Amino acid sequence: MKIILTVILTSMLTFLNTNKVDSLYDFPVTDIDGKEMALEDYKGKVILIVNVASKCGYTPQYEGLQAIYEEYKDQGLVIVGFPANNFKGQEPGTEEDIKEFCTLTYGVTFPMTSKVSVVGEDQDPLFSYLTSQPNKDFEGEIKWNFEKFLVDREGNLIRRFRSAVKPDSKELTAAIKDVL
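The notes below deal with the structure included here. (Residues numbered from 1 in each chain as written. Predicted model: local features only at pLDDT ≥ 70, side-chain atom pairs only at ≥ 80, totals over all residues. Heavy atoms only, no water.)

## A short note on the overall build of the chain
For the chain, the helix and strand inventory stands at five helices and six strands. When its helices and strands are written in sequence order, the chain yields α-β-β-β-α-β-α-α-β-β-α. Looking at the 180 residues of the chain, the share that counts as buried comes to 49%. In the chain, 65% of the contacts between residues at least 6 apart in sequence involve partners at least 24 apart. Per element, the accessible surface of the chain, about 9200 Å² overall, is 51% carbon and sulfur. (Helix = DSSP H or I, 4+ residues; strand = E, 2+ residues; numbered from the N terminus. Buried < 20%, exposed > 50% of the residue type's maximum accessible area, 1.4 Å probe, protein only. Contact = heavy atoms within 4.5 Å. Areas by Shrake-Rupley, 256 points an atom, 1.4 Å probe, with all protein chains shown as cover.)

## Let's talk about unusual backbone geometry
For Lys88, which is not glycine, the phi torsion reads 55 degrees and is therefore positive. Relative to the helices and strands, Lys88 is located in the loop between strand E4 (77-83) and helix H3 (95-106). Here Lys88 falls in the exposed class, since its relative accessible area comes to 73%.

## Overview of the side chain of Arg160
For Arg160, the position within the fold is in strand E6 (residues 157-161). Accessibility expressed as a relative area gives 1% for Arg160, which makes it buried. Polar side-chain contacts of Arg160 include one of 3.0 Å to the side chain of Glu147. Excluding residues that lie within four positions of it along the chain, Arg160 makes contacts with Thr131, Asn135, Asp137, Phe138, Glu139, Gly140, Glu141, Ile142, Glu147, Lys148 and Phe149. (Polar contact = N/O pair within 3.5 Å; in protein donor to acceptor, adjacent residues only side chain to side chain.)

## Re the sheet that holds E6
In a beta sheet, neighbouring strands pair by backbone hydrogen bonds and run either parallel or antiparallel. If you walk across this open sheet you meet the four strands as E4-E3-E5-E6, and the pairing is mixed. Sheet topology places E4 and E6 at the edges, where each strand pairs with a single neighbour. Taking the axes of each pair of neighbouring strands and ignoring which way they run, one obtains an average angle of 20 degrees across the sheet. Note: strand E3 (residues 46-52) against strand E5 (residues 148-151), four bridges, orientation antiparallel. (Pairing = 2+ DSSP bridges. Axes fitted to C-alpha atoms, helices over the stretch in contact; angles between N-to-C directions.)

## Digging into the pairing of E4
Where burial is concerned, most of E4 is hidden: seven out of the seven residues are buried. The two faces of E4 match: Leu77, Ile79, Gly81 and Pro83 on one face and Val78, Val80 and Phe82 on the other face are all buried. As defined by bridge partners, E3 adjoins E4 across seven bridges and the pair is classed as parallel. Paired with Val52 across the bridge in E4 is Pro83. Each parallel crossover has a hand, and for E3 linked through helix H2 (residues 61-72) to E4 it is right-handed. (Right-handed = clockwise from strand over helix to strand, strands pointing away.)

## Comments concerning the packing of H2 against H3
Running from N to C, H2 and H3 point in directions that differ by 75 degrees, and their axes come no closer than 10 Å. Relative to H3, the element H2 lies roughly perpendicular. Between H2 and H3, the residues in contact are Tyr62, Glu63 and Gln66 and Phe101, Cys102 and Tyr106, respectively. Residues of the contact of H2 with H3, tallied by class, amount to four nonpolar, one polar and one charged. (Parallel < 35°, antiparallel > 145°, perpendicular 65-115°, else oblique. Nonpolar A, V, L, I, M, F, W, Y, C, P; charged D, E, K, R; others polar.)

## Some points on the nonpolar core
Membership of the largest hydrophobic core comes to 50 residues, with the highest contact counts inside it found for Ile47, Leu48, Ile79, Met112 and Phe127. Elements that contribute at least two residues to this core include exactly E3, H2, E4, H3, helix H4 (125-132), E5, E6 and helix H5 (170-179). The greatest single-element share of this core, amounting to six residues, is contributed by E3. Once you skip the residues sitting within four places of it in the chain, Phe127 turns out to touch Ile49, Phe82, Val116, Val118, Ile142 and Phe149. (Core = buried A, V, L, I, M, F, W, Y, C linked by side-chain atoms within 4.5 Å.)

Next up, the structure:
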């Protein structure tokens with residue numbers, strides 16, 4: 001166990017040292033189709049990053065996420081869904097399965113990434129970064145699927161919302177409107 005942690009920490013430090021990380025735009029991301037996806041392409045936009053899962057009690061939030069994406073995308077909002085299988089195996093499928101489910105069931109058109117780990121020893125470096133960034137809400141580990149990270153147009157994490165906060169809630173939509 002100690003060896004595994006050492007290897008992971010060494011890998012993370014190597015990434016951070018060889019890839020200067022000034023903001024979330026610096027992290028490599030792969031889209032759901034396996035292609036490189038540059039978060040830097042969203043510079044100047046408001047980004048809502050959400051760790052998602054297809055077999056969770058919060059999965060119907062896809063509908064609300066798609067609705068707010070459609071409502072605010074022309075004003076500069078982009079939502080990025082990061083499928084994760086960290087919580088009770090609630091995202092067991094392949095990227096193809098996830099894409100098909102999201103498209104057919106909820107009509108998702110916002111960007112989705114390949115599966116990542118959002119907690120634990122194999123936590124994706126982007127989520128390690130996000131969960132340690134100061135903001136007015138809280139820092140620390142993700143507790144469940146559908147936690148939300150609201151990033152301003154300059155790439156700063158400004159708000160975090162737990163899973164129970166619905167995408168169309170007054171709290172979240174007011175926060176989005178404030179940064180748009």
